[in-house]
Each structure stands twice: as C-alpha cells, then as structure tokens.
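Architecture at a glance
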Amino acid sequence: MLKSVMRQLYRHKSSSSQNIITTMKTVNSYRITLSDPKTRNTLSIVTLQHLIEEIKNAGNDLSLKSIVLCGNGPVFSAGHNLNELSIPENQKIIFSLATKLMNTMIDCPIPIIACVDGIAAASGCQLVAASDMAICSNRSFFSTPGVNLGLFCSTPGIPLARVMSKKAAAYMLFTGTPINAEEALRTGLVSKVVQPEELDDEITKLTMLIGQKSRSVITLGKTFFYRQIDENIKLAYKNGEQIMLDNLELNDCKEGLQSFVEKRKPNWSN
C-alpha cells in the first residue's frame, strides 16, 4: 500500500494554467476544486495564487457562509510541484505564497471545509489540516513524505501539530508513512469519515447546517476561536467574556434570542 501511495504522489507532469481550479457557487456555499489531476493537483505557483484569490473573494461575498475545498481525481493534492521547487529562483516564491495561503485561510471570515476522497500529501495534507473542518472518504490517506526526499515537511507540520496529537504528528513527519482515514479521524486530522458514495451528501448536509446560521455570528466565532487557542487559558476566558458581551450586541443575536422567546425561526440579517 505504501509503495502504491508513493507512486501516485511523485508522478508530476507539467500543466497549463487553464482550468487548474474550478469553482461552483450554491445558495450560500462556494466549492473550489483542484482540477489538475495529471499533476496530482500539485500546489503550483499559479494554483497557490488562484487559491488565495478565490478564498479571499469568497470570504468577501456576504451571501456565502462556507467554502469547500475539493480535489479532482484520486489525489486530493500531492503538495508542492517538485518540478517548480527544483528551480532555485522559485523556492522563496513558493513558500511565501504557501504562507500567504495559510494566513488567508485563517483570516477568512467563514469556515473552510476540506472534502477529501483520495490522497492528501505534504502541503496537500497541510491544506487539510489548515481547514476548519475536514470530511473524507474511508479510502483516503494522509502523509507528509518530504523526509523521504530529504526535504522535511516543516511547514505542513505547523497545522498538523495544532490539530493532531503531538505524537501522531511526529510519527507522520519523521517516518513519511501515510495514515488512513480512520487513523486521521482518531488523531484529530479530520472531522468525519464516510463511504465514498456518501461524501457529496455529507458535504451538502454540512454546508446546509452552516447555511442556517448567522454569518455575522459565524465570523465573530471563528475569529475568536483561533485567537484564543494560542492564549493563556485564563486570558482566553477573560477575553471570551468580552466576546460574549460583544456577541449579545449583534443584531442577529438579538433576533435569535427573540425568535426563541416567540418560538419561531430566526430571520438573519444576511
């Protein structure tokens, strides 16, 4: 199994910049699909630029309440394009763009959901770990195999260490060995595992649930959630106290409380 996974990852081919990403907007969710399967959906320079732009634009669209990241083909993403990375002039550009993408995902005011049906490796695995939620099929695998090529997955390890147990993240980083979907669920890398034929329905169900909420409340909640993670717990509680008070001042919160009293569905401002 390991050899099969590795073979699929490292067969990178060149690709034109056309249609490497496709998008689809539903009622209140935006789906971004990595659509360059012949390169194993590698995160090339152009792909990174497109992802940053698409996520920023979706986050600024007040009609949207979630973003879904998908991959076309059996590989969600094999990570950085090694052909590009082998060129010294590209190296700083690639990692700078990757950092910008991670920060764009954190700063995005609405939740980002990774939808994985296959292999997510290296910075492709990083993309999953950096998402707010991740749903995967039971045939999915996750790995940080850079150590096998002499390039330690240091930046993928940043979100991995924050969503998984330290021991599980270290196992992936130091061995380069893939973990399966159930292991990813058990260690905290993904939110839920489903059968492949159930994946689209599960994503639809999740985006509909989020779509029923107030966008302003979701944005406030996501912003504070990530801010407080790195704070001392006592400081987090102190800041959380003020956030709860700020939340109560939102028009949508007032509407939500009033709708509860009146036993009706809330009518959110957006």
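In case you missed it, the structure is sitting above this.
First, a word on what this report is: a plain description of the structure on this page. (Residues numbered from 1 in each chain as written. Predicted model: local features only at pLDDT ≥ 70, side-chain atom pairs only at ≥ 80, totals over all residues. Heavy atoms only, no water.)

**As for the sheet that holds strand β10 (residues 192-194)**
What counts, and what does not: Any two strands with at least two DSSP-identified bridges between them are counted as paired. Per the convention used, a helix needs a DSSP run of H or I reaching at least four residues, while a strand needs a run of E reaching at least two, with both numbered from the N terminus. Orientation is described by axes fitted as lines to C-alpha atoms, over the contacting stretch for helices, and by angles from 0 to 180 degrees between their N-to-C directions.
A sheet is described by the order of its strands in space; here six strands give the open sequence β1-β2-β3-β5-β7-β10, paired in mixed fashion. At either end of the open sheet lies a strand with only one pairing partner, and these are β1 (21-25) and β10. Within this sheet the neighbouring strands show an average axis-to-axis angle of 20 degrees, counted without direction. Bridging between strand β2 (residues 29-34) and strand β3 (residues 66-71) involves six bridges; their strand directions are parallel. Residue Leu-34 lies in a different strand from β3, and its bridge partner there is Gly-71.

**Some points on the nonpolar core**
Note the threshold: Nonpolar cores were defined as sets of buried Ala, Val, Leu, Ile, Met, Phe, Trp, Tyr and Cys residues, with membership established by side-chain atoms within 4.5 Å. Per-residue accessibility, obtained with a 1.4 Å probe over protein chains only, is compared with the maximum for each type, and a residue is labelled buried under 20%, exposed over 50%, and partly exposed between these values. Two residues form a contact once any of their heavy atoms are found within 4.5 Å.
Ile-67, Leu-101, Met-105, Val-128, Phe-142 and Leu-189 are the most contacted members of the largest nonpolar core, which totals 49 residues. Looking at this core, the element that brings in the most residues is helix α2 (residues 45-60), giving six residues. The contact partners of Leu-101, leaving out residues within four places of it in the chain, are Leu-48, Leu-51, Ile-52, Ile-55 and Leu-127. If you look at the next biggest cluster of nonpolar residues, it comprises 11 residues, including Ile-113, Cys-115, Val-194 and Ile-218.

**A short note on the sheet that holds strand β6 (residues 119-121)**
Pairing between sheet strands relies on hydrogen bonds along the backbone, with the strands arranged either parallel or antiparallel. With mixed pairing, four strands are arranged side by side in an open sheet as β4-β6-β8-β9. Either end of the sheet is taken by a strand with one partner, and the two such strands are β4 (75-77) and β9 (179-180). Sheet contacts for helix α5 (residues 123-130): β4, β6 and β8 (141-143); angle to β6, the most-contacted strand, approximately 100 degrees.

**Observations concerning a nonpolar patch on the surface**
The test is simple: To count toward a patch, a residue needs a relative accessible area above 30% and no salt bridge. Like charges then connect within 9 Å, nonpolar side chains (Val, Leu, Ile, Met, Phe, Trp, Tyr) within 5 Å. Areas reported as accessible are Shrake-Rupley estimates using a 1.4 Å probe. Residue values count occlusion only from the protein chains shown. By salt bridge we mean one thing: a side-chain nitrogen of Lys or Arg within 4 Å of a carboxyl oxygen of Asp or Glu.
A contiguous nonpolar surface patch, about 280 Å² in accessible area, is contributed by Val-147, Phe-152 and Phe-174. The topology assignment puts Phe-152 in the loop between β8 and α6 (157-163). Residue classification places Phe-152 among the partly exposed residues on the basis of a relative accessible area of 33%.

**Examining the pattern of salt bridges**
For the coordinates displayed, the defined rule picks out nine salt bridges. Notably, a salt bridge pairs Lys-192 with Glu-202, separated by 3.0 Å at the nearest N-O pair. A residue pair is termed long-range when its members are at least 10 positions apart, and Lys-192 in strand β10 and Glu-202 in helix α9 (residues 199-211) qualify at 10 residues. Accessibility expressed as a relative area gives 12% for Glu-202, which makes it buried. Taken together, the shared-partner salt bridges in this structure form one network comprising Lys-192, Glu-202 and Lys-205.

**Notes on the packing of α2 against helix α4 (residues 88-107)**
Applied cut-off: Orientation labels follow simple angle bins: below 35 degrees gives roughly parallel, above 145 gives roughly antiparallel, 65 to 115 gives roughly perpendicular, and whatever is left gives oblique. Less than a right angle of anticlockwise turn of the near helix away from the far helix marks a crossing as left-handed, whereas a clockwise turn marks it as right-handed. Residue classes follow a fixed rule: Ala, Val, Leu, Ile, Met, Phe, Trp, Tyr, Cys and Pro count as nonpolar, while Asp, Glu, Lys and Arg count as charged, and any other residue, Gly among them, counts as polar.
Two elements in contact, α2 and α4, have axes separated by 9 Å at closest approach and are oriented at 20 degrees. In terms of orientation, α2 and α4 fall into the roughly parallel class. In terms of crossing hand, the pair formed by α2 and α4 is left-handed. Between α2 and α4, the contacting residues are Ile-45, Leu-48, Gln-49, Leu-51, Ile-52, Ile-55 and Lys-56 on the first element and Asn-90, Ile-93, Ile-94, Leu-97, Ala-98, Lys-100, Leu-101, Thr-104 and Met-105 on the second. Class assignment for the residues of the contact of α2 with α4 results in 11 nonpolar, three polar and two charged.

**Points about α9**
Just so we agree on the cut-off: Under the convention used throughout, the expected extent of a helix is 1.5 Å for every residue step, that is, one less than its residue count.
Here α9 is 13 residues long and its end C-alpha atoms lie 18 Å apart, about the 18 Å a rise of 1.5 Å per residue gives. Looking only at α9, the buried set comprises Leu-199, Glu-202, Ile-203, Leu-206, Thr-207, Ile-210 and Gly-211. Of the surrounding elements, those touching the buried residues of α9 are β2, β3, β5 (112-116), β7 (133-137), β10 and α10 (215-229).

**Considering the layout of surface pockets**
A water-sized probe rolled over the atoms picks out the places where empty space is left. The following threshold applies: Points on a 1 Å grid over protein atoms alone make up a cavity when a 1.4 Å probe fits among them but cannot get out, and a pocket when they form an open set with protein on both sides within 12 Å along at least five of seven lines; lining residues each have an atom within 4 Å of a point. Grid points are joined across faces, edges and corners, and a volume is the space filled by probe spheres set on the points.
Counted as a void, the largest pocket has a volume near 680 Å³. As for the largest pocket, its lining consists of 28 residues, and the residues nearest its centre are Ala-129, Ala-130, Pro-159, Arg-162 and Tyr-226. When residues of the lining of the largest pocket are traced back to their parent elements, those giving at least two are α4, α5, β7, α6 and α10. Among the elements that make up the lining of the largest pocket, the one with the highest residue count is α4 (seven residues). A class-by-class count of the residues in the lining of the largest pocket yields 18 nonpolar, seven polar and three charged. Taken as a whole, the second largest pocket holds about 320 Å³ of empty space. Every residue lining the second largest pocket is counted, 20 residues in all, and those nearest its centre are Leu-85, Ala-122, Gly-146, Leu-151 and Cys-153. Each residue belonging to the lining of the second largest pocket can be placed in one class, and the counts come to 14 nonpolar, six polar and no charged.

**Observations regarding unusual backbone geometry**
Of note, the phi angle at Asn-41 is positive, near 50 degrees, even though the residue is not glycine. With respect to the helices and strands, Asn-41 occurs in the loop between β2 and α2. Phi is positive for Lys-263, which is not a glycine, with a value near 55 degrees. Along the chain, the position of Lys-263 falls in the segment after α12 (251-261).

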